[in-house]
Amino acid sequence: MNRLKNCFNIAAVSLYLLIVLLYLLLSGKLPSSAVKKVLRALFRPKYSGKVGSFIPEEGFCWRASLPENLCSDAESASRIRIFEDDRPLGPAHVSHDEIRRLGGGRFSHWGSHLYFSTSDNSDPGKNGRNYSVREA
Amino acid sequence: MRNDILELFLSRLACPVCRTPLKQEGEEFICPTNPKHRYPIVRGIPRFVDSDSYVDSFSFEWNTHGRTQLDSFTKDRSSEEQFIKKTGFTPEELRGKLVLDAGVGAGRYTDVISRWGANAIGIDLSYAVEASHNNFSDRPNVFIAQADISKLPFLHESFDFIFSIGVLHHTPDTRQFFHHLVPFLKPGGTIAIWVYPNEGEYVTRSIWIPFTSRIPDRMYYAWCKWFVTFVNNNLENPIVGVLSRLFPISRQALGMENDILDTFDAYSPTFHGIHSPEEVRGWFEEVGLVEISSPSDWHTCMRGKKPA
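About the criteria used
- By convention here, each chain's residues receive numbers from 1 onward along its written sequence.
- To read the labels, note that chains go from A and ligands from 1, taken in the order they are written.
- Where local features are concerned, this predicted model is filtered to residues with pLDDT of at least 70; where side-chain atom pairs are given and counted, the filter is 80 or more; whole-chain, interface and lining totals use all residues.
- With hydrogens and water set aside, each side-chain value is computed from the structure's full complement of heavy atoms.
- Pairing between strands is defined by DSSP: at least two bridges between them are needed.
- The helix and strand labels rest on DSSP assignments: H or I over at least four residues marks a helix, E over at least two residues marks a strand, and numbering proceeds from the N terminus.
- Lines fitted to the C-alpha atoms define the axes, with helices restricted to the stretch that makes contact. Angles between their N-to-C directions range from 0 to 180 degrees.
- Whether two residues touch is decided by their heavy atoms; if any such pair falls within 4.5 Å, the residues are in contact.
- Confidence of the prediction at every residue is given by pLDDT, a number between 0 and 100.
- By salt bridge we mean one thing: a side-chain nitrogen of Lys or Arg within 4 Å of a carboxyl oxygen of Asp or Glu.
- Here the term charged refers only to Asp, Glu, Lys and Arg, the term nonpolar to Ala, Val, Leu, Ile, Met, Phe, Trp, Tyr, Cys and Pro, and the term polar to all other amino acids, Gly among them.

### Regarding the sheet that holds strand β8 (residues 159-165) of chain B
Residue and element names in this part refer to chain B.
Link 1 in the chain: The strand order across the open sheet formed by 7 strands is β7-β6-β5-β8-β9-β11-β10, and the pairing between neighbours is mixed. Pairing within the sheet leaves two strands with one partner each, and these edge strands are β7 (142-146) and β10 (290-293). Neighbour-to-neighbour, the strand axes of the sheet open up by a mean angle of 15 degrees, direction not taken into account.
Link 2 in the chain: Note that strand β9 (residues 185-194) and strand β11 (residues 301-305) share 5 bridges and pair antiparallel. Paired with W194 across the two strands is C301, which belongs to β11.
Link 3 in the chain: The sheet contacts of helix α7 (residues 128-135) involve β6 (119-124) and β7, and relative to β7 the element is tilted by about 165 degrees.

### A closer look at the confidence of the model for chain B
Link 1 in the chain: Within chain B, residue pLDDT values average 92, and 99% of them lie at 70 or more.
Link 2 in the chain: Quick note on the complex model: pTM equals 0.83, ipTM equals 0.81.

### Structural notes on the sheet that holds strand β2 (residues 28-30) of chain B
All names here are of chain B.
Link 1 in the chain: Strands sit in the order β1-β2-β3-β4 across an open sheet of 4 strands; the sheet is antiparallel. Each edge of the sheet is formed by a strand with only one pairing partner; in this case those strands are β1 (23-25) and β4 (45-46).
Link 2 in the chain: In the sheet, β2 pairs with strand β3 (residues 38-42) via 3 bridges, with the strands oriented antiparallel. Bridging across to β3, F29 finds its partner in Y39.

### Some words on the interface of chain B and chain A
Link 1 in the chain: The interface of chain B with chain A comprises 23 residues on the first partner and 29 residues on the second.
Link 2 in the chain: Taken together, the links from chain B to chain A amount to 0 salt bridges.
Link 3 in the chain: For the side of chain B that touches chain A, the secondary-structure elements that each account for two or more residues are α9 (201-212), α10 (217-233) and α11 (238-246) of chain B.
Link 4 in the chain: Among the elements that line the side of chain B that touches chain A, the one with the most residues is α11 of chain B, at 7 residues.
Link 5 in the chain: The residue makeup of the side of chain B that touches chain A, split by class, is 16 nonpolar, 4 polar and 3 charged.

This is the structure in structure tokens:
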């Protein structure tokens, strides 16, 4: 009985908040750009491409540009994975401070930029390796 | 030793309406000026209010999570670290002093200052006082009462230090309720507050409050338990990602129970003020406080001293 009551509570509140969310998005009280971006991502092909034009950011962190229409960690959960030659780098979605201090392949996709570090903290433009990204 | 804090409490008690010292008769306090002003002691806690008024969500919250954020029970220092960042107070400053915790809740920060050796009097409008009274029943330097910040039952200039962390923005008027506290500070005493800043997730939350505060507490709490767990288990999903940004949940890396509690706390109260450091500094200046400073870059915290 308690479990049923619990399920009812969750369903009822979820429905109520969904209606409120729709109202807040349609009235412009909450920004809808992130929602539109995520919905569009459901219907477009998954992105993949080479990463070039590395700019040193700070510490072990480098920055590269990514297409603006990709969902980043700034507004959602990025599905971008970065590969050094064919080996995946990581951990993903870490703070930029952690990338700068620790490097070791840590990366983040924020807005239209990729913040990343190489696996051995070498310069990605000089270590002779290829860097690419793919949406998971 | 418990008699010491009781004596400190009794010596400073005053009728919230008439401001005359109260006298105790059995299990109630009576105002000598107007005997109709009577304040009972119920379950060991003096009650200066009739009900929990607009803070009923906190009555539910802090009796459900009576010990979730107390360092004494979690065996860490997370609350102590937050307390220091938000007030700038030190053990050396507070030891042996009489300190008012305005909005004690379950006693998260009274736990800290009582271990530092301060004499702590904690007041709260909600029935969270039941939880804090239970938490500190064995602490000889803590006394809890149920009272309203806008009608405190003390003589003016009673306290060496006053702090109110995460409380004033849940009152009908943050600035006014802050100003209600200052007369109870001794000359030379220091007051510190932390209120919600007008930035980031706090702004997003304030948009939701008119809707979420209407949900019955138990229903909303059941939903929080489900939603916080669901989001944490599906962080890689872009749809979940965008939902959690439109409806930010608490993720403080202090455990799921803390995140559920904090998410409930964020959206259930009736009032949710948000304030800039400049605005809060202005409140301190208005009442003549000096040595005004922000103890850390954790917005929006401020402390100030009453001129001696």
